[in-house]
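Listed below, chain by chain, are the residues.
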Amino acid sequence: MIFEPPARPIEGSIDQAIESLITFGRSTQVKLIELGEWAARPPISDALAMASGTPVLRVVRVRWLDGEPLGHLVSYVPLDVGRHITRQGLRATPILSLIEQAGVKIGGATQTISATLADAPLAAALTVEIGAPILRVSRTVTDVADRPVQHIL
């Protein structure tokens, strides 16, 4: 059986969605795995509407809830926005809040949710077995001018 996605995407209020994501970020714990510059390649450079090889900020985190790993997040942010994101800031503040604090007004987002299987590094980060089924969320956040300001996997 082949999964057929809905004919039209589900739409919702961006303000409500952003507030939900920020609340989620504040109600969970985060372990920062990596923070540094990275040369964007497709599909990341495509999602951020930039040339392949353009430097971006790459942030890798694991979110925890009640002592259990809940999600492995890899975020890519254009450097002009990302220069405001620090290790100290990420310890206490959701990344979307840090992006807004950098002066960005969030305008929208596109998100895709799919199912996949955990490979070895992901299984280790989430303390699940290799091959365990997991949800994969891919989201591109744009500002009010429709410029991509974050792509997250």
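This write-up is about the structure you can find in this document. (Residues numbered from 1 in each chain as written. Predicted model: local features only at pLDDT ≥ 70, side-chain atom pairs only at ≥ 80, totals over all residues. Heavy atoms only, no water.)

1. Digging into the overall build of the chain
Point 1. Across its full length, the chain holds six helices and six strands.
Point 2. Taken from the N to the C terminus, the helices and strands of the chain come in the order α-β-α-β-β-α-α-α-β-α-β-β.
Point 3. The contacts of the chain with a sequence gap of at least 6 include a subset with a gap of at least 24, amounting to 55%.
Point 4. When the accessible surface of the chain is totalled, it reaches about 9,400 Å², and 56% of it is carbon and sulfur. (Helix = DSSP H or I, 4+ residues; strand = E, 2+ residues; numbered from the N terminus. Contact = heavy atoms within 4.5 Å. Areas by Shrake-Rupley, 256 points an atom, 1.4 Å probe, with all protein chains shown as cover.)

2. Section: unusual backbone geometry
Point 1. Cis geometry is found at the peptide bond from P42 to P43, where omega equals 5°.
Point 2. Tracing the chain through its elements places P43 in the loop between β1 (29-39) and α2 (44-47).
Point 3. Within the chain, D146 stands out as a residue other than glycine whose phi angle is a positive 70°.
Point 4. In this fold, D146 is placed in the loop between β5 (133-143) and β6 (148-152).

3. Focus: the environment of D80
Point 1. Mapped onto the secondary structure, D80 falls in helix α3 (residues 79-82).
Point 2. Each C-alpha atom, one on D80 and one on A102, is 9.1 Å from the other, the two residues being 22 residues apart in sequence.
Point 3. A polar contact of 2.6 Å, which involves the side chain of D80, links it to the side chain of R147. (Polar contact = N/O pair within 3.5 Å; in protein donor to acceptor, adjacent residues only side chain to side chain.)

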